[in-house]
Amino acid sequence: MPWSFPWSLGMSWSDGKDLRPFLWTRETLILFAVGQIEGPAASPLSHLSNFSRLTHFLCQLREATDHDPFLLFGANLKRELAGEPLYRRALRCLDMLSLPGQFTFTADGPQLHCAAFLIAEPEEFITIHYDLVSIDCQGGDFLKVFDGWILKGEKFPSSQDHPLPTTERYIDFCDSGLSRRSIRSSQNVAMIFFRVHEPGNGFTFSIKTDPNLFPCNAISQTPSGRFTLVVPHSRRNCSFSIIYPVVIKISDLTLGHLHGLQFKNPSAGCGGIGDFVELLGGPGLDPSKMMPLADLCYSFHGPAQMKIGCDNTVVRMVSSGKHINRVTFEYRQLEPYELENPSGNSIQEICLSSL
């Protein structure tokens, strides 16, 4: 089932307020998507079979943010408002963390299908450090870190773009114990899956971030921004994911080739060129399962602009390792009226059926 994003649902709070400003915060967007999880834990929101139940769940999330106003703030503002070196709070069974701090989960009953999404700035790594763990591995509890995100069985980064095979991207505490207290992600996102049966059991962990000088794979925290992806003499594929329908403007592309731009033709593409950028779109998270929309085969100085009406848009660079490849682009979320009235370079027909 494709993701169905909130602005297309036309829902509102019971008091008549528009849902959209709340739903499009990055924390709530990801919590909304938790209902599509497949992985070590089954979907914790599988009971949300219709919009009325979903609306009720989102209202509960709003009440939760009333008790923890830091939840929806940006990372820099949260650090300033916290007024102390280390931000601390309780971890929820379904949660989203976007800043360094210390987080504690304590079960008040069997908590069987829990997941926490971690996201940093695109230019950062995430390090998870276990401070204290009290779970019963023999009794069926587990605590696993995944290097990336998984939604509805789709992974980011994809298996094609990540340096490790999928099985090695899971780090199971019940297998490694405290011999591996610290785990660092390969990009700006990671996940924690956990199951705790006995009340009072749980765990405490700390998150810190470190600079990534050449970020390869990243998910944008925001629906608009500007980013430069650089791959210096390295044979690897790098994807930048924007989980919104967007207008994307590429202002500069350096591949060490001649000038030019070519729209995607299923029988052509960039041919034997080993270095190129492709624009992908689709309803899921995994770039390898998304529709190729356009290939940028040669260096140019833009701008080249395109409107992509997909739930998820990815700028993906394929590098042979022979050049220093660089692409600079800007993006912003499409407004609903822009989706209804396409114009210019617009690619929507592939994706609109899922909106």
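The following refers to the structure shown. (Residues numbered from 1 in each chain as written. Predicted model: local features only at pLDDT ≥ 70, side-chain atom pairs only at ≥ 80, totals over all residues. Heavy atoms only, no water.)

Moving on, we come to the sheet that holds strand β9 (residues 170-172). Spatially, the 5 strands line up as an open sheet ordered β2-β4-β11-β6-β9, and their pairing is mixed. Each edge of the open sheet is held by one strand with a lone partner, namely β2 (94-97) and β9. The sheet shows a mean angle of 15° between the axes of neighbouring strands, taken without regard to direction. (Pairing = 2+ DSSP bridges. Helix = DSSP H or I, 4+ residues; strand = E, 2+ residues; numbered from the N terminus. Axes fitted to C-alpha atoms, helices over the stretch in contact; angles between N-to-C directions.)

Looking now at the state of the cysteines. Within the structure shown, the criterion is met by 3 disulfides. Residue C137 pairs covalently with C174 via a disulfide, S to S 2.1 Å. An S-S torsion of about -85° defines the bridge between C137 and C174 as left-handed. You can see C137 sitting in the loop between β5 (124-134) and β6 (142-146) and its partner C174 sitting in helix α6 (residues 173-176), a full 37 residues away along the chain. Sulfur-sulfur distance for the disulfide between C216 and C238 comes to 1.9 Å. Here C216 and C238 share a disulfide; its torsion about the S-S bond, -100°, makes the bridge left-handed. Placement of the pair is C216 in the loop between β12 (202-211) and β13 (218-219) and C238 in strand β15 (residues 237-242), with a sequence separation of 22 residues. Each member of the pair, C216 as well as C238, is classed as buried. (Disulfide = S-S within 2.5 Å. Buried < 20%, exposed > 50% of the residue type's maximum accessible area, 1.4 Å probe, protein only.)

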